[in-house]
Amino acid sequence: MGKKSDAISRVEQIALAQSPFDILYPPTEKIKTLVVDNFPALGKLTAMRFLEWVQQHPGGVISLPTGKTPEHFIKWVQYLLRHWEQPDVQRLLEESGVDPSRKPDMKSLYFVQIDEFYPINPWQHNSFYFYVNEFYIEGFGLDRQKALLIDGSKIGLPPGETLQTIWPDNKVDLSLRYRKATTLLEAKQKDVLANIDQWCQEYEDRIRQLGGIGFFLGGIGPDGHIGFNVRGSDHHSTTRLTPTNYETQAAAATDLGGIEVARTRLVITIGLGTITYNPNATAIIIAAGEAKARIVADAIQQEKHVLYPATALQVLPGARFYITMGAAKQLQERQLHLLKSSEQITEEWTHRIVIDLATRLRKKITDLNQRDFKQDRMARVLLEKQPTPIPELTRTIHAQLIQKIQKGAHPIKNKRFLHTEPHHDDIMLGYLPHVVRHIRDASNTHYFVTLTSGFTSVTNLFMKQQLYKLLNFIDSEEFQALMEEGYFAPDNRIGRNRDVWQYLDGVAANSEDMKDEGIARRMLRNLIEVFEEFDIGNLKDRVMELLHYFETQYPGKKDPEYIQKLKGMVREWEAECLWGYFGWSCDNVFHLRLGFYTGDIFTEEPTVERDVLPILELLERVNPDIVTVALDPEASGPDTHYKVLQAITEALKRYQQKSGRSDIKVWGYRNIWYRFHPAEANIFVPVSLNMFSILQNSFVNSFLSQREASFPSYEHDGPFSELAQKIQVEQYQTLKTCLGREWFYEHESPLIRATRGLVFLKELSLPEFYKLSRELRQALENR
């Protein structure tokens, strides 16, 4: 089965020399781990290790992942193979530990597809079959004849039958494995299930006949799944047809066109036993961002257990985790190592250790004593490295936490705000209470900008519903009169505002008809702009064409540009309704539709001309004192957040250079995807039950496309606004532990006494912001 792979490879040795960590910290850690700085660097390391392995194992068996996680891995491998002979690439290979004199023989490799949804047409662009063909078979130049692929349209179907005839509603009833069929269709389905199970066994046999998988690369899911081996999977499991869990379905919702679709799909996946069959296998799991830190820590530090699927890899000497610094945040020994080796302990780090200690012990910070510190390894090292006595240290941190709350409780005046968001609901889910408080002071001016079109979060079903609402009004006398007066002209700003006012009047009156009329007005306006058509008859024909399109396209399919634009305009309308809710007109709400956001599996990197300059122009127009930014510096949320951050960073740098302004403050926020530790944030905004009511009410009335939670978080089966409230409550509970409940309940301020949640923000100067974010130039150099 080839050479043993427990030794550290040349590529890994070089990466390890550049890392502050060792590769393993036993006995706490059970799997060797390499840590790199950022997401692109993770892809580069993985690509170099893969090519090194291929050089050493011609004819080997590889199994590579799908989804967004391997984006930079795929781009690096393709780039290196395409430009192998170029001097700069030869030098880069040598520096990274790969032998530049031997170009890997990709045609010699055998490829094993890890998993696939079922049932799904393999030629849909959101199938994994399509993905591996495009990015691996074609992209890496593999031999298709040596590929073991999962084509659901050919598995287990009798002659003359299709996936659609066997599973007409795309729902597979696995109980047919064990019960009698009651209809002719069920009898066919029962036979097909048996055939699929047989195929899975044969697929497993073929893999084992090849000696097992030699090089496995995978991501790790929100429940810790590897492949589709979800939490609870048998560590000896083999290839099989199986259901998934909610976390996995939520993560797949974007690919499949909504959670409604994901709930009905089963999966065919290789098993954990398949991955570990070859004892000499190199098995690498990659993970980026702090949002993955808990699941990564469990996988690396827990004993083998079915609740942690990746612990099955502990049997492989060649198992590895390649992760970013953010994903390593909860690896105990590494954090302890960083603390011990640091010459100076930052205030943030000190606060993090003490807050974590108080939270874990459920004690007020000022009640922590010498024994508490001595019994915690991080706290014990902290005492050794800083001379402040415990009572003074805890009093200081206690006081600074109070200062952060006081800062969040007192709005500022006479400021111009530019609130930025990657998607149309990021601001409200991140820090709506702080926006509302500052809106109440008329001396402040607010502008709101969404950087991307957001069309991927609008389902075809929702678009059909909106179009039917339009059909109910399009022939009315009122609409005809509005058309004649030029109300629907794309450049009619008053008309755009009236759309919003009409809808919000309906919200206030609790009138579905009034709300529907507002929706219909905006939909007609959008159609006129997209199709450049004013004739009502022709527009009605367009509506019928659109209804046919939305009825016949498979969920999750990439839409043509004009459909993307229409869906994005729905999201833009929702954002205008939200800020109209608080008294701001469309003149204060901007939609930049940055070009890197394309709906492709891998979105492009931002560019200066296309993506940075529109932001710069807006900065020059608004001349803000405070700019808010979704602060996701290491791809812990959707990658859109990460790329928007790059573009805003570059735009702010250019704006500072042109305007000479260095006094701008940046408020970094996080929402449902990525959270601040209390030690990271320096503004804590009190949230009352009344404010939670505003959050819920404004969300469900403004973001109609999100009300059904078709693209939910894996953490919560419901609307994002409910999860935002849950997070803010949890943050309050942490501070209530640290400060003591009486600090809140007996406070002289009714605002503090009414506090039941907290929003965390991080205020930064421009130099601090630049340091935290990954610069656009660096991202491009890393490609």
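Here the structure is a predicted model, which means the values were calculated and not measured. (Residues numbered from 1 in each chain as written. Predicted model: local features only at pLDDT ≥ 70, side-chain atom pairs only at ≥ 80, totals over all residues. Heavy atoms only, no water.)

Draft legend 1. Spotlight on the pairing of strand S16 (residues 683-688). In terms of residue burial, S16 counts as a mostly covered element, since six of its six residues are buried. Burial of the side chains of S16 extends over both faces: Ile-683, Val-685 and Val-687 are buried on one face and Phe-684, Pro-686 and Ser-688 on the other. Here six bridges tie S16 to strand S17 (residues 755-765), and the two strands are oriented antiparallel to one another. Considered in S17, the bridge of Ile-683 is made with Leu-761. (Buried < 20%, exposed > 50% of the residue type's maximum accessible area, 1.4 Å probe, protein only. Helix = DSSP H or I, 4+ residues; strand = E, 2+ residues; numbered from the N terminus. Pairing = 2+ DSSP bridges.)

Draft legend 2. Local environment of helix H19 (residues 477-484). Along H19, the positions that sit buried rather than exposed are Phe-479, Leu-482 and Met-483. Projection of H19 onto a plane perpendicular to its axis shows the buried side chains occupying an angular sector of 100 degrees, all on one side. Pointing more than 90 degrees away from the buried face of H19 are the exposed residues Glu-477 and Glu-484. Where H19 ends, the next residue or the one after it, Gly-486, has phi of about 80 degrees, a positive value. (Arc of directions from axis to C-beta.)

Draft legend 3. Broad picture of the sheet that holds strand S9 (residues 282-287). The strand order S1-S10-S9-S6-S2-S3-S5 describes an open sheet built from seven strands, whose pairing is parallel. In this open sheet, the two edge strands, each paired with only one partner strand, are strand S1 (32-36) and strand S5 (147-148). In the sheet, strand S3 (residues 110-112) pairs with S5 via two bridges, with the strands oriented parallel. Residue Phe-111 lies in a different strand from S5, and its bridge partner there is Ala-147. Sitting on the sheet, helix H2 (residues 39-56) touches S1, strand S2 (61-63), strand S6 (215-218), S9 and strand S10 (319-324), and the angle it makes with S10 is about 155 degrees. (Contact = heavy atoms within 4.5 Å. Axes fitted to C-alpha atoms, helices over the stretch in contact; angles between N-to-C directions.)

Draft legend 4. Representation of the environment of Val-11 in the model. Mapped onto the elements, Val-11 comes out in helix H1 (residues 10-17). Take Val-11: its relative accessible area is 2%, and that puts it in the buried class. Each C-alpha atom, one on Val-11 and one on Arg-49, is 5.8 Å from the other, the two residues being 38 residues apart in sequence.

Draft legend 5. Just unusual backbone geometry, in detail. Here Pro-26 and Pro-27 are connected by a cis peptide whose omega angle stands at 0 degrees. When you line up the elements, Pro-27 lands in the loop between H1 and S1. Following Tyr-118, the chain continues to Pro-119 via a peptide bond in cis, the omega torsion being -5 degrees. Structurally, Pro-119 is set in the loop between strand S4 (115-118) and helix H5 (128-138). Its identity as a non-glycine residue notwithstanding, Asn-510 has a phi of 55 degrees, on the positive side. Residue placement: Asn-510 occurs in the loop between helix H20 (493-509) and helix H21 (512-531). A residue is classified by how much of its surface remains accessible, and Asn-510, at 64% relative accessible area, is exposed. Positive phi is not limited to glycine here, since Asn-623 has a value of about 55 degrees. For Asn-623, the location among the structural elements is in the loop between helix H24 (608-622) and strand S14 (626-630). Looking at Asn-623, the relative accessible area reads 35%, which means it is partly exposed.

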